[in-house]
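# Observations on the model geometry
Single-letter residue listing:
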Amino acid sequence: MEKDIGTTFATAAQRGLLTSRRRRPRVRDWVVGISAGAMIALIFGHRLVPEAHGIALAIESFLPWLGVVIAALLIVAVLSKAWAGSIPAAAALVSWCVVFLPVMTTGTAPAPAPGASEAAANGWSVATQNLRAGNPEAEAAVEKVIQSGAAVVVLQELTGPALERIAPLMDRTFGYRQVAGTVGVWSRFPLSQGRPLTLGLGWSRAMSVQVESPDGPVQLYAVHLPSVRPGEVRSRNAGLAKLSRLVEADPSSRLLVVGDFNTANTDRSFGPLLGILDDARAGFGFTWPASLPATRPDHILFRGFTLSGASVIKTPGTDHLAAMAWLQPGPARPTVSLHR
């Protein structure tokens, strides 16, 4: 009987041995603890991840979703009674909250209802939409954007046939239009000084134009940066770097950079632009893919405004949600950065 250390007849020495074994971290504790440590390292050190083979691109594009992984890890630790492992798992969850909870509450001022007047919006609104080349429902997509009441609209992937189909709809609502390559700007306010920009491709997918708003001139950069693939980010990064230099050298007191950047807020290459401009969004504001948004490549960056509201709009036939922001003239209100 004395050899059965699992019974009440065990000796004091045997009971001590059993207690020490129970307190010793088990394999499941180590697995949970190491996994939690890796999550913390990614949250605070994702910019150290090598870009080879698209590893950094994948991690940084979907970094906010680590919260789901961490929550699942903590639940597994509790259910499996991996008490030692649950401590680093809880620390990982706290780390995620420190970085991302402030982001979730950014830009959450009530947005005006679709179709509201600019007076009701207490400012004016900007929208951006990647139409998707070959979209058979392009007219329905722009109709949704028109119904939002936006004063300025930036469209990307505007191919020749699509332009012919949507132009009559857009021109009936907006009195002014500028198009460069596959990017177009429609505005209720006069547009001037439009010129195409090349940001990393052999054809124009960007332009700069001045918007003569009721509050004074606004310099607008409408952009569609090169696409990215795992291991293929050089063209996009070069385009971002050139765009950052243009914006940094621009003396305009009010400035907008709007479009499809093919870059998430958490991407290391986006840091220079976010260092000089504010990001108009409500929480994470994911826009891609439209069927189940998981990241935000579409942005409305601004200077010389305050953000009074932001939203996303589901449009037919596109693989991106439209992004929209309501802006008021004035000093920019800093938004919370996702870069750590």
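Residues numbered from 1 in each chain as written. Predicted model: local features only at pLDDT ≥ 70, side-chain atom pairs only at ≥ 80, totals over all residues. Heavy atoms only, no water.

In total, this model carries seven aromatic pairs according to the counting rule given. Plain terms: the ring middles of Trp 65 and Phe 286 are 5.6 Å apart, the flat faces sit at 25° to each other, and that makes the pair stacked. Separated by 221 residues along the polypeptide, Trp 65 in the loop between helix H3 (55–61) and helix H4 (66–79) and Phe 286 in the loop between strand S9 (278–279) and strand S10 (298–303) bring together distant segments of the chain. (Phe/Tyr/Trp six-rings, centres within 6.5 Å; stacked < 30°, edge-to-face > 60°. Helix = DSSP H or I, 4+ residues; strand = E, 2+ residues; numbered from the N terminus.)

This part covers the nonpolar core. The biggest cluster of nonpolar side chains holds 27 residues, and the ones touching the most others in it are Trp 124, Val 185, Leu 220 and Leu 256. Of all hydrophobic cores here, the second largest spans 22 residues; its members include Ala 138, Leu 158, Ile 166 and Trp 186. (Core = buried A, V, L, I, M, F, W, Y, C linked by side-chain atoms within 4.5 Å. Buried < 20%, exposed > 50% of the residue type's maximum accessible area, 1.4 Å probe, protein only.)

A word on the sheet that holds strand S3 (residues 176–180). If you walk across this open sheet you meet the six strands as S3-S4-S2-S1-S12-S11, and the pairing is mixed. Edge strands, defined here as strands with exactly one partner in the open sheet, are S3 and strand S11 (305–313). Adjacent strand axes in the sheet meet at a mean angle of 15° when their direction is disregarded. As judged from the eight bridges shared by S11 and strand S12 (residues 322–329), these two strands associate in the antiparallel manner. Residue pairing for S12: Ser 311 is matched across the bridge by Met 324. (Pairing = 2+ DSSP bridges. Axes fitted to C-alpha atoms, helices over the stretch in contact; angles between N-to-C directions.)

Across five bridges, S3 lies against strand S4 (residues 183–187) in antiparallel orientation. Within the sheet, the bridge partner assigned to Gln 178 lies in S4 and is Val 185. As consecutive antiparallel partners, S3 and S4 are separated by two residues, and within that stretch Gly 181 has a phi angle of approximately 60°, a positive value.

Among the secondary structure elements, Ser 208 is positioned in strand S6 (residues 206–213). If sequence neighbours within four positions are ignored, Ser 208 has contacts with Gln 193, Gly 194, Arg 195, Leu 197, Gln 219, Leu 220 and Tyr 221. (Contact = heavy atoms within 4.5 Å.)

Looking now at a nonpolar patch on the surface. On the surface, Phe 62, Trp 65, Val 68 and Trp 288 cluster together into a nonpolar patch covering about 370 Å² of accessible area. Structurally, the position occupied by Val 68 is in helix H4. Here Val 68 falls in the exposed class, since its relative accessible area comes to 52%. (Patch = residues over 30% accessible without salt bridge, like charges linked within 9 Å, V, L, I, M, F, W, Y side chains within 5 Å. Areas by Shrake-Rupley, 256 points an atom, 1.4 Å probe, with all protein chains shown as cover. Salt bridge = Lys/Arg side-chain N within 4 Å of Asp/Glu carboxyl O.)

The next point concerns helix H7 (residues 138–147). Listing the buried residues of H7 in full gives Ala 138, Ala 141, Val 142, Val 145 and Ile 146. For H7, the angular spread of buried residues about the axis comes to 140°, placing them on one side. Looking at the residues trailing H7, positive phi occurs at Gly 149, about 85°. (Arc of directions from axis to C-beta.)

Remark: helix H2 (residues 27–45) packs on helix H5 (residues 83–104), axes separated minimally by 7 Å, with the N-to-C direction vectors making an angle of 15°. Comparing their axes, H5 and H2 come out roughly parallel. Crossing angle aside, the handedness with which H2 passes H5 is left-handed. In this structure, H2 contributes Asp 29, Val 32, Gly 33, Ala 36, Met 39, Ile 40, Ile 43 and Phe 44 to the contact, and H5 contributes Trp 83, Ala 84, Gly 85, Ser 86, Pro 88, Ala 89, Ala 91, Ala 92, Ser 95, Trp 96 and Val 99. Taken together, the residues of the contact of H2 with H5 break down into 14 nonpolar, four polar and one charged. (Parallel < 35°, antiparallel > 145°, perpendicular 65-115°, else oblique. Left-handed = near helix turned anticlockwise from the far one by under 90°. Nonpolar A, V, L, I, M, F, W, Y, C, P; charged D, E, K, R; others polar.)

For the chain, mean pLDDT is 86; residues scoring 70 or higher make up 85% of the total. Throughout residues 115–121 the model reports pLDDT below 50, and contacts reaching past four residues in sequence, or to other chains, amount to 11 contacts. (pLDDT = per-residue confidence, 0-100.)

The geometry of H4 relative to H5 is characterised by a closest axis approach of 9 Å and an angle of 160° between their N-to-C directions. As the angle between them shows, H4 and H5 are arranged roughly antiparallel. The handedness of the crossing between H4 and H5 comes out as left-handed. Judged by residue contacts, Leu 66, Gly 67, Ile 70, Leu 74, Ala 77 and Val 78 of H4 engage Trp 83, Ser 86, Ala 89, Ala 90, Ala 92, Leu 93 and Trp 96 from H5. The class makeup of the residues in the contact of H4 with H5 is 11 nonpolar, two polar and no charged.

Right, let's get into H5. The end-to-end C-alpha distance of H5, which contains 22 residues, comes to 30 Å, matching closely the 32 Å that a straight helix rising 1.5 Å per residue would cover. The largest bend along H5 measures about 40° and falls at Val 98, with the proline Pro 102 one to four residues further on. (Expected span 1.5 Å × (residues − 1). Bend = angle between axes of the 7 residues up to and from the residue.)

Phi is mostly negative for residues that are not glycine, and the peptide bonds are mostly trans. That bond from Trp 288 to Pro 289 is cis: its omega, -10°, falls within 30 degrees of zero. Along the chain, Pro 289 falls in the loop between S9 and S10. A positive phi angle, close to 70°, is found at Arg 132, a residue other than glycine. Here Arg 132 falls in the partly exposed class, since its relative accessible area comes to 30%. Despite not being glycine, Glu 157 shows a phi value in the positive range, around 55°. Here Glu 157 lies in the loop between strand S2 (152–156) and helix H8 (160–173).

Looking now at the side chain of Thr 318. Mapped onto the secondary structure, Thr 318 falls in the loop between S11 and S12. Sequence-distant contacts of Thr 318, that is, excluding residues within four places in its chain, are made with Gln 129, Asn 130, Leu 131, Arg 132, Asn 135, Ala 141 and Ala 290.

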